[in-house]
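Notes for the structure review
Chain residues, written in single-letter form:
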Amino acid sequence: MSKLEHLRTAFTALQPEHLEVLDESHMHSRGLETHYKAVIVSAQFDGLNAVKRHQKVYAALGELMGQLHALALHTYTPVEWSGQGAAPDSPTCRGGSRREH
């Protein structure tokens, strides 16, 4: 199972109404399966601030979190998502990897 599939499986613990998990490693200089973007819409985020939402995501990932270099999280309640409907695009990598030097 790929890391992307592991992430998707782990996120099911949050009972998402909408889930997008993207491998954005191709946009970065650190190699394969290193940079991910997750858009998670869950009623479990109701009443939680961004920090508490991210903590729920980290708890769902467990030890898998330690295998990631970067994870961009976009967490929404169903009401927030119905008003927004899309997460922002990820920025273009500006380099900076120690491997480049």
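Further up the page is the structure itself.
In this text, all values refer to a predicted model and were calculated from it rather than measured experimentally. Residue numbers here run from 1 along each chain, matching the order of that chain's written sequence. Selection of residues for local features in this predicted model requires a pLDDT of at least 70, selection of side-chain atom pairs for listing and counting requires 80 or more, and totals for whole chains, interfaces and linings are taken over all residues. Side-chain metrics in this entry use all non-hydrogen atoms of the structure; hydrogen atoms and water are not considered.

**Describing unusual backbone geometry**
Notably, Gln-15 is not glycine yet its phi reads approximately 50°, a positive angle. Only DSSP runs of H or I with at least four residues qualify as helices, and only runs of E with at least two residues qualify as strands; both kinds are numbered from the N terminus onward. Structurally, Gln-15 is set in the loop between helix H1 (3-11) and strand E1 (18-23).

**Re helix H2 (residues 50-61)**
How far a helix is expected to stretch is found by multiplying one less than its residue total by 1.5 Å. Relative to the 16 Å expected for 12 residues at 1.5 Å per residue, H2 spans 17 Å between its end C-alpha atoms, a close match to the ideal helical length. The inward-facing, buried residues of H2 abut H1, strand E2 (35-41), strand E3 (70-76) and helix H3 (78-84). Two residues or fewer after H2 comes Gly-62, characterised by a positive phi angle close to 55°. The contact rule is simple, with two residues in contact once any of their heavy atoms fall within 4.5 Å.

**What about the pairing of E2?**
Note on exposure labels: buried denotes an accessible area under 20% of the residue type's maximum, exposed denotes more than 50%, and partly exposed covers the range between, all computed with a 1.4 Å probe on protein chains only. The buried fraction of E2 is high, at seven of seven residues. Side chains His-35, Lys-37, Val-39 and Val-41 of E2 all project onto a buried face; the interleaved residues Tyr-36, Ala-38 and Ile-40 project onto the opposite face, where all are buried too. Relative to E2, E1 runs antiparallel, the two being bridged by six bridges. What sits directly across from Leu-22, in E2, is Lys-37. Only strands joined by at least two bridges in the DSSP assignment are considered to pair. Inspection of the sheet shows E2 paired to E3 by seven bridges, in the parallel sense. Within E3, the residue paired with Val-39 across the bridge is His-74. Here a crossover is taken to be right-handed if, once the strands point away from the viewer, the path from the first strand over the helix to the second is traced clockwise. A crossover connection joins E2 to the parallel E3 through H2; in handedness this β-α-β unit is right-handed.

**Quick notes on the packing of aromatic side chains**
When two rings of Phe, Tyr or Trp (its six-membered ring) have centres within 6.5 Å they constitute a pair, described as stacked for plane angles under 30 degrees, edge-to-face for angles over 60, and tilted for the intermediate range. Under the defined criterion, the tally for this structure stands at one aromatic pair. Ring centres of Tyr-76 and Trp-81 lie 5.2 Å apart, and the angle between their planes is 50°; on these two criteria the pair is classed as tilted.

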